[in-house]
Amino acid sequence: MIIVKKLAKSVLGDPLFEGVSFALHKGDKVGLVGPNGCGKSTLMKIILGLAEGDSGDIRIEGERIGYLAQEHPFKPEDSVQSVLAAREPDAKDALKKVGLDKVASDMPVQKLSGGQRTRLALAKILLSSPSALFLDEPTNHLDVQGLAWLEKFIEEFKGIVLVISHDRKLLDNSVHNIFEIDPMNHSFVEYQGGYSEYRIQKEKSFERQEDSYWRQQKEKKRLELWLALKRQEARVHPDPSKGKQIRAMEKRLEREIYSQEIAKPRADRKIRGMELSGEADHAKLIVRCREVAKTLGGRLVLRNISLEIRGEERVLLSGQNGSGKTTLLRIISGELPQDKGEVKIGKKVRIGYFAQEHEGLDLAKTVKDEFLSTERMKASERDWRAILGAFHFRGEDVFKKVSDLSSGERVRLIFAKLTNQENELLILDEPTNHLDIASREIIEDALVEYKGAILAVSHDRYFVDRIGFERVVRIENGVVH
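Residues numbered from 1 in each chain as written. Predicted model: local features only at pLDDT ≥ 70, side-chain atom pairs only at ≥ 80, totals over all residues. Heavy atoms only, no water.

(A) Representation of the overall build of the protein. Scanning the protein for helices and strands turns up 14 helices and 18 strands. Expressed along its principal axes, the backbone C-alpha trace of the protein runs to roughly 100 × 60 × 40 Å. A buried classification covers 47% of the 481 residues belonging to the protein. Put simply, of all contacts in the protein between residues at least 6 apart along the chain, 72% involve residues at least 24 apart. (Helix = DSSP H or I, 4+ residues; strand = E, 2+ residues; numbered from the N terminus. Buried < 20%, exposed > 50% of the residue type's maximum accessible area, 1.4 Å probe, protein only. Contact = heavy atoms within 4.5 Å.)

In structure tokens, the structure reads:
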């Protein structure tokens, strides 16, 4: 059992979270959610003893916790065998549990995909026979097959699982409770069920809090007005009975209102005014690929790719990690030349490209200068501060170097640039990576309303369902299916 009581943490004098209390018992599967920067990873590290809280109490009774961090500390010279550092039977058993039983023990870690590295880190944790697992963003780098595997792994694990994730499908399919850190209202709230149930409960809770707040404010105003009038009457016509009434009302106000005043509930801070302009005429040729081939690092990644998109089509590009999805997107966007074949872009088709590793950003520029360098920018330069403010770049933030931004901030900057273009085709390579749930949903809303064509790669299954792709193009062994 893991018991946390009244845990609090501040950073530079500002509260990160406070009043965090909960208990975890054997078999509990819990998702920890909240916006980027609210302290989810910090809370996990405090429980593990890897960071210090300001106050509160933590008791870990009879549990051995295995911890999967966001970044895996592998060295360039590591192999599968050296990472596990275990007897061969134990290492084989651990690798089998995470679906890596076909990977050679002398395989260099650098040759593993990102998803395989996540599984290897989990295999190392399992060698310690943990009774509880703390997983910090375990879906990073996992493809669809990897996500399905992870869900089953969490489901079948017999002990406690506390998982930080922005993957809404994972939270729906794998956990029974949601713990939310709400920095806007300085609260920590427990919800029953997965993500979908949490969202419904949160909306209802917010409505109840808002209703209670306004009812109390109405009563407060009525009582304070009555008190003000009585005080005015007492000044004009002194009367001992009025003095008693005034003192009684003051006590009532203190007892019923001031001592238990309800704070006005504050909604999550979200991206504002996001609208993706541009539209594609029905049946207009947007892009056509014919027998496109590409070799990278001596490996034939794409061998015979043919693909056509017309009008407002929404096409999802799928395939296992390393199948060539990003390579094809880079070729279509003009970032990378093909070795063979033809890529034809429709007449006057304007393309907006979201690169998975954010390569389109100039790290040496400030946020302001990078935004103002947007090609074909439709907004006037005088509007730049208001637009960036809507994407949470306020005050001195606009003078930060792009190199100093977090991954989530870079994603918001790219979308700020895209919303200030008019594109007939959006090419999106994992656009929801590094974003919290609230930001993902704002971007999804904008894409649902977008009138142009979309070609996207995404392992975010909730995102895929929401956008409503009409076609799925799968790359296998370098060809399209």
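(B) Structural view of the packing of helix H7 (residues 195-236) against helix H8 (residues 240-256). Here H7 crosses H8 at 160°, and the two axes come no closer than 10 Å. Taken together, H7 and H8 sit at an angle that is classed as roughly antiparallel. Here the hand of the crossing between H7 and H8 comes out left-handed. Across the interface between the two elements, Gln216, Glu219, Lys220, Arg222, Leu223, Glu224, Trp226, Leu227, Lys230, Arg231, Glu233 and Ala234 from H7 touch Lys242, Gln245, Ile246, Met249, Glu250, Arg252, Leu253 and Glu256 from H8. (Axes fitted to C-alpha atoms, helices over the stretch in contact; angles between N-to-C directions. Parallel < 35°, antiparallel > 145°, perpendicular 65-115°, else oblique. Left-handed = near helix turned anticlockwise from the far one by under 90°.)

(C) How the structure looks around the pattern of salt bridges. Overall, the coordinates contain 33 salt bridges when judged by the stated rule. With its nearest N and O atoms 3.3 Å apart, the salt bridge here joins Arg461 to Asp167. With a gap of 294 residues between them, Arg461 in helix H14 (residues 461-467) and Asp167 in the loop between strand E7 (160-164) and helix H6 (168-174) connect regions that are remote in the sequence. If you follow the salt bridges from partner to partner, you end up with Arg168, Arg199, Glu203, Arg440, Glu441, Glu444 and Asp460 in one network. (Salt bridge = Lys/Arg side-chain N within 4 Å of Asp/Glu carboxyl O.)

(D) Broad picture of the sheet that holds strand E8 (residues 177-182). Taken together, six strands build an open sheet; the order of strands is E5-E6-E7-E3-E8-E9 and the sheet is mixed. A single partner strand is all that each edge strand has here, and the edge strands are strand E5 (65-68) and strand E9 (187-192). Taken pair by pair, the neighbouring strands of this sheet meet at an average axis angle of 15°, ignoring direction. In terms of strand pairing, E8 meets E9 through six bridges, oriented antiparallel. When the sheet's bridge partners are listed, Asp182 is paired in E9 with Ser187. (Pairing = 2+ DSSP bridges.)

(E) Highlighting the side chain of Ser174. Mapped onto the elements of the fold, Ser174 is located in helix H6. Here Ser174 falls in the buried class, since its relative accessible area comes to 5%. Among residues more than four places away in sequence, those in contact with Ser174 are Lys29, Glu151 and Ile154.

(F) How the structure looks around the nonpolar core. In terms of nonpolar packing, the biggest core is built from 39 residues, with Leu120, Leu122, Leu135 and Leu150 touching the most fellow members. Elements represented by at least two residues in this core include exactly helix H2 (80-84), helix H3 (88-97), helix H4 (114-126), strand E6 (132-136), helix H5 (144-156), E7, H6 and H7. The element contributing the most residues to this core is H4, with six residues. Look past the residues within four positions of Leu135 in its chain and what remains in contact with it is Met44, Leu68, Leu122, Ile154, Val161, Leu162, Val163 and Ile164. One finds Val402, Ala446, Ala456 and Ile467 within the second-largest nonpolar core, a separate group that totals 37 residues. (Core = buried A, V, L, I, M, F, W, Y, C linked by side-chain atoms within 4.5 Å.)

(G) How the structure looks around unusual backbone geometry. For His358, which is not glycine, the phi torsion reads 60° and is therefore positive. Summarising the element assignment, His358 is placed in the loop between strand E14 (351-354) and helix H10 (367-372). You can call His358 buried: its relative accessible area is 8%. A positive phi angle is found at His392, which is not glycine, with a value near 75°.

(H) Inspection of the pairing of strand E1 (residues 2-11) at higher detail. As paired elements, E1 and strand E4 (residues 55-60) share five bridges and run antiparallel to each other. Within E4, the position partnered with Ile3 by the bridge is Arg59. By the bridge criterion, seven bridges tie E1 to strand E2 (residues 14-24) in an arrangement that is antiparallel. The partner of Leu7 across the bridge, within E2, is Val20. A loop of two residues connects E1 with E2, the two strands running antiparallel in sequence, and Leu12 in this loop sits at a positive phi of about 55°.

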